[in-house]
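# Results of the structural survey
Listed below, chain by chain, are the residues.
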Amino acid sequence: MAESIIIRVQSPDGVKRITATKRETAATFLKKVAKEFGFQNNGFSVYINRNKTGEITASSNKSLNLLKIKHGDLLFLFPSNLAGPSSEMETSAPQGLKACGAPNVVEDEIDQYLSRQDGKIYRSRDPQLCRHGPLGKCVHCVPLEPFDEDYLNHLEPPVKHMSFHAYIRKLTGGADKGKFVALENISCKIKSGCEGHLPWPNGICTKCQPSAITLNRQKYRHVDNIMFENHTVADRFLDFWRKTGNQHFGYLYGRYTEHKDIPLGIRAEVAAIYEPPQIGTQNSLELLEDPKAEVVDEIAAKLGLRKVGWIFTDLVSEDTRKGTVRYSRNKDTYFLSSEECITAGDFQNKHPNICRLSPDGHFGSKFVTAVATGGPDNQVHFEGYQVSNQCMALVRDECLLPCKDAPELGYAKESSSEQYVPDVFYKDIDKFGNEITQLARPLPVEYLIIDITTTFPKDPVYTFSISQNPFPIENRDVLGETQDFHSLATYLSHNTSSVFLDTISDFHLLLFLVTNDVMPLQDSISLLLEAVRTRNEELAQTWKKSEQWATIEQLCSTVGVQLPGLQEYGAVGGSTHAASSAMWACQHCTFMNQPGTGHCEMCSLPRT
């Protein structure tokens, strides 16, 4: 009788031992595995290595001895929905967190990219401390982990928060590979479905009662840097305050990229700022309902952009002759007020970070907050922040309130008959130097804030073209800057570049072409948006010869501004006849008439 051996097979459900023989074929062995785990013959795959290499196929010609499988070896079984070369996202997932995560979600491209990176900090050989050859390694030159606190503290400037992906590497490191770790979102609500007692406020138990929260400074951050592509993007946003003295608000549109100054870091690059309808005064801001919000997000997506954050001004002029502003946000006052923290938490909850390692499919947020305020030198500075995941939970479950007379303090709500609120604590140092636990009524909001460096590049980047006479920004009617066909005609007459792509590559102009009331181009502008995204002049020229652009030019000509080269590319084919055969707008009532008519079909007045 052949000598029996025991092979261990590890699956997502655990490890089982299979008894086999050395001369047993791979096909027979796989049938035993299928029977033991309750799989169909083709419902799983078995690999020699954990990284899904060395697959054991159902061959009747190869024995276990030939495959070099010995007594006590550990094999790895993956069900068919997890086996094989599925997605790069799944194959790169930390082994310990796969079972408790949400593997079906699709993460952002930057998260998928960083999860595949090594992330280690490589150091060169120290000529004074290293006593080995050029191929050796010692404690002075061995690569460091991306979450090494001593390395981060010695950077210039020091980094207080490790990156989110470095935090994941820390959780999944060690001997257990993060087997018992799960990225769970905090909940401040009573768990539903508890039938052992009456509902709140008549009853509650330890099973459904949310745990008390002790606020801690978050050790990681989801975004490590905010970078405006160029100064023009920020200057045009600040122009509103310079001209009115009122505070202003905008949404940041851009993309997430790798931030190489921090191990496995993420940078939010800002390419444009969209200004929604709002009412601003010298010390307040009120956002109005924006009917164009969804359209703006769609256009940005087609341009390869997304909403990455929000920005607001808090500027008070100190000396108009010198152009200085008041330095009001500092360690003696506050960096973000409690109202701003609650607003930031609300925005972050609306834009969660998709994460496959969380049972909910999302964890935290990459949505950033930027503040234009006075700096220590009394010049305008841009500061970046996020609020912690604990703050997001308090805001989402309506447990945090602002203090009326103290902007630097928040207040944790007390339980009422309508809502149960868990106790919220924070740790502080008393006058004797002892660490004490305080109830968060009130609460210093600095426990909720994560600061993010905000920068401008040495070499400016331009996703959109820059003009000396730019197209007006939306929702600035209070300044007398309106988006209409007269402003479009003026813009086109001042920007006579032979490269049509440079003329049309303006974020606010593209939004106007899609959202204007006279002739919205939402269904016919995809080709132009693709041309702007890929910087393809040939595609832009193709769209330029379309009937839609010819009609836009005819509308511009009715407002009394003659466009250069109108007859050159008025419509398809670029001829004068094609321009005259397009639909035309009545200069008396603006009604769009069919080509070939000499009188307006609406008001019956002559065309000229």
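All values derive from a computational prediction rather than experimental measurement. Here the residue index of a chain counts from 1 through its sequence in written order. In keeping with the model being predicted, local features are shown solely for residues with a pLDDT of at least 70 and side-chain atom pairs are shown and tallied solely at 80 or more, while totals for entire chains, interfaces and linings include all residues. To get the side-chain values, take all heavy atoms of the structure and skip hydrogens and water.

### Details of the overall build of the protein
Note the cut-off: Each helix is a run of H or I in the DSSP string that is no shorter than four residues. Each strand is a run of E no shorter than two, and both are numbered from the N terminus. When a residue's accessible area, from a 1.4 Å probe over protein chains only, is under 20% of the maximum for its type it is buried; when over 50% it is exposed; and in between it is partly exposed. Should any heavy atoms of two residues lie within 4.5 Å, those residues are considered in contact. Every accessible area reported is derived by Shrake-Rupley at a probe size of 1.4 Å, with residue values counting cover from the shown protein chains alone. We treat Lys and Arg as the positive residues and Asp and Glu as the negative residues; His and chain ends play no part in the count. To locate a charge, take atom NZ for lysine, CZ for arginine, CG for aspartate or CD for glutamate.
In terms of helices and strands, the protein carries 16 helices and 27 strands. Dimensions of the protein along its principal axes, counting C-alpha atoms only, are 105 × 75 × 70 Å. The 608 residues of the protein split such that 45% are buried. In the protein, once contacts between residues fewer than 6 apart in sequence are set aside, the share between residues at least 24 apart is 65%. A total accessible area of about 31,900 Å² is found for the protein, and carbon and sulfur atoms account for 49% of it. Side chains of the protein carry 62 positive and 74 negative charges; the gap between the two charge centres is 11 Å.

### What about the sheet that holds strand β3 (residues 44–47)?
The condition is simple: In this scheme, strands are said to pair when DSSP sees at least two bridges between them. To get an axis, fit a line to the C-alpha atoms, keeping to the stretch in contact for a helix; angles then go from 0 to 180 degrees between the N-to-C directions.
The mixed open sheet is built from four strands, whose spatial order is β2-β1-β4-β3. Here the strands that pair on one side only, and so sit at the sheet edges, are β2 (14–21) and β3. Averaged over all pairs of adjacent strands, the angle between their axes in this sheet comes to 30°, without regard to strand direction. Here three bridges tie strand β1 (residues 4–11) to strand β4 (residues 74–79), and the two strands are oriented parallel to one another. When the bridges of β4 are listed, Q10 appears paired with F76.

### Considering the environment of S60
As for its placement among the helices and strands, S60 is situated in the loop between β3 and β4. When the C-alpha positions of S60 and A27 are compared, they lie 5.5 Å apart, and in sequence the two are 33 residues distant. In contact with S60, other than residues within four places in its own chain, are T25 and A27.

### Focus: the packing of helix α10 (residues 485–494) against helix α15 (residues 547–557)
Note the threshold: Throughout, the term roughly parallel applies to angles under 35 degrees, roughly antiparallel to angles over 145, roughly perpendicular to angles from 65 to 115, and oblique to all others. Gly falls in the polar group here, along with every residue not listed as nonpolar (Ala, Val, Leu, Ile, Met, Phe, Trp, Tyr, Cys, Pro) or charged (Asp, Glu, Lys, Arg).
Between α10 and α15, whose axes approach to 9 Å, the crossing angle comes to 100°. Considered as vectors, α10 and α15 are oriented roughly perpendicular to each other. In contact with F485, L488, A489 and L492 of α10, α15 contributes W549, I552, L555 and C556. Of the residues assigned to the contact of α10 with α15, the class counts are eight nonpolar, no polar and no charged.

### A look at the pattern of salt bridges
Under the convention used in this document: Whenever a carboxyl oxygen of Asp or Glu lies within 4 Å of a side-chain nitrogen of Lys or Arg, that contact is scored as a salt bridge.
Applying the stated criterion across every chain, the model contains 24 salt bridges. As a salt-bridge pair, K307 and D297 come within 3.9 Å of each other at their nearest N and O atoms. Of the two residues, K307 is situated in strand β13 (residues 306–314) and D297 in helix α7 (residues 293–302); the sequence distance between them amounts to ten residues. On the basis of relative accessibility, which here comes to 16%, the residue K307 falls in the buried class. We classify D297 as partly exposed; its relative accessible area is 33%. Between D332 and K331 there is a salt bridge; the shortest N-O distance is 3.6 Å. Both residues of the pair, D332 and K331, count as exposed. Through salt bridges with shared partners, a single network forms among D108, D111, R306 and K366.

### Comments concerning helix α8 (residues 338–350)
The criterion, for reference: Working rule for helices: expected span equals 1.5 Å times residues minus one.
With 13 residues, α8 ought to run about 18 Å at 1.5 Å a step, and its terminal C-alpha atoms sit 19 Å apart, in line with that. Turning to α8, its buried residues number three or more, namely S338, E340, C341, I342, A344, G345, F347 and Q348.

### Examining the sheet that holds strand β10 (residues 265–274)
In spatial order, the strands read β8-β10-β9-β13-β18-β19-β25; together these seven strands close into a barrel with mixed pairing. On average, adjacent strands in this sheet sit at an angle of 35° to one another, irrespective of strand direction. Strand direction decides the pairing type here: strand β8 (residues 225–228) and β10, joined by four bridges, are parallel. Counterpart to M227 in the pairing with β10 is E269.

### Digging into the nonpolar core
A general tendency of soluble globular proteins is for nonpolar side chains to be buried together. How we decide: Put simply, a nonpolar core is a bunch of buried Ala, Val, Leu, Ile, Met, Phe, Trp, Tyr and Cys residues held in one set by side-chain atoms that sit within 4.5 Å of each other. Reported domain spans reflect what an automatic or database domain assignment gives.
One finds L488, I504 and L513 to be the most contacted residues of the largest nonpolar core, which totals 75 residues. Here this core gathers at least three residues from each of two domains, domain 2 (218–415 + 444–453) and domain 3 (475–557). Excluding its chain neighbours within four sequence positions, the residues that come into contact with L488 are F471, L509, F512, L513, I552 and C556. If you look at the next biggest cluster of nonpolar residues, it comprises 26 residues, including I266, I273, I311 and V368.

### Some points on the side chain of Q247
For Q247, the location among the structural elements is in the loop between α6 (231–244) and β9 (249–259). Those residues within four positions of Q247 in sequence are excluded, and the remaining contacts are F240, W241, G280, T281, Q282, N283, S284, L285, T313, D314 and L315.

### Overview of the UniProt feature "domain: MPN" (unreviewed entry) in the protein
What counts is decided by this rule: UniProt positions are given in the numbering used here, feature names are shortened, and annotations may be inferred rather than shown by experiment.
The feature "domain: MPN" (unreviewed entry), as given by UniProt, occupies residues 226–363 in the numbering adopted here. Strand forms 36% of residues 226–363 and helix 27%; the C-alpha atoms that close the span are 20 Å apart.

### Focus on the packing of α7 against helix α12 (residues 507–515)
Defined as follows: Each crossing is labelled by how the near helix is turned from the far one, with a counterclockwise turn of less than a right angle marking it left-handed and a clockwise turn marking it right-handed.
Where α7 contacts α12, the axes come no closer than 11 Å and their chain directions differ by 125°. Between α7 and α12, the crossing angle belongs to the class labelled oblique. α12 is crossed by α7, and the crossing has right-handed handedness. In this structure, α7 contributes V295, V296 and I299 to the contact, and α12 contributes F507, L511, V514 and T515. Per-class residue counts for the contact of α7 with α12 are six nonpolar, one polar and no charged.

### Notes on the domain arrangement of the protein
Split by domain assignment, the protein resolves into domain 1 (2–77), domain 2 (218–415 + 444–453), domain 3 (475–557) and domain 4 (583–607). When each unit is reduced to the centre of its C-alpha atoms, the spacing between domain 1 and domain 4 is 80 Å.

### Considerations on the pairing of β4
With five of its six residues buried, β4 lies for the most part within the structure. Sheet topology places β3 next to β4; four bridges connect them, and they run antiparallel. The residue of β4 that forms the bridge with F44 is P79.

### A short note on unusual backbone geometry
In this model, E156 is joined to P157 through a cis peptide bond whose omega is 0°. When you line up the elements, P157 lands in the loop between α4 (149–153) and β5 (162–163). A cis amide bond links R441 to the next residue, P442, at an omega of 5°. On the secondary structure map, P442 appears in the loop between β23 (435–439) and β24 (443–444). Positive phi, close to 60°, is recorded for K68, a residue that is not glycine.

### Comments concerning the packing of aromatic side chains
As a reminder of what qualifies: Each aromatic pair joins two rings of Phe, Tyr and Trp (for Trp, the six-membered one) with centres within 6.5 Å, and gets the label stacked for planes under 30 degrees apart, edge-to-face for over 60, and tilted for any other angle. Criterion for a charge above a ring: Lys NZ or Arg CZ within 6 Å of the ring centre, and within 35 degrees of the ring normal.
Throughout the structure, instances matching the rule amount to 23 aromatic pairs. Their ring planes at 85° and their centres at 5.9 Å tell us that Y251 and F347 sit as a pair that is edge-to-face. In this pair, Y251 is assigned in strand β9 and F347 in helix α8, connecting sequence segments 96 residues apart. Through a chain of ring-to-ring contacts, three or more aromatic side chains come together here, namely F249, Y251, W310, F312, F347 and F367. A cation over an aromatic ring shows up here: R217 above the ring of Y447, its NZ or CZ 4.8 Å from the ring centre. A cation over a ring is seen here: K307 above Y251, with NZ or CZ 4.2 Å from the ring centre.

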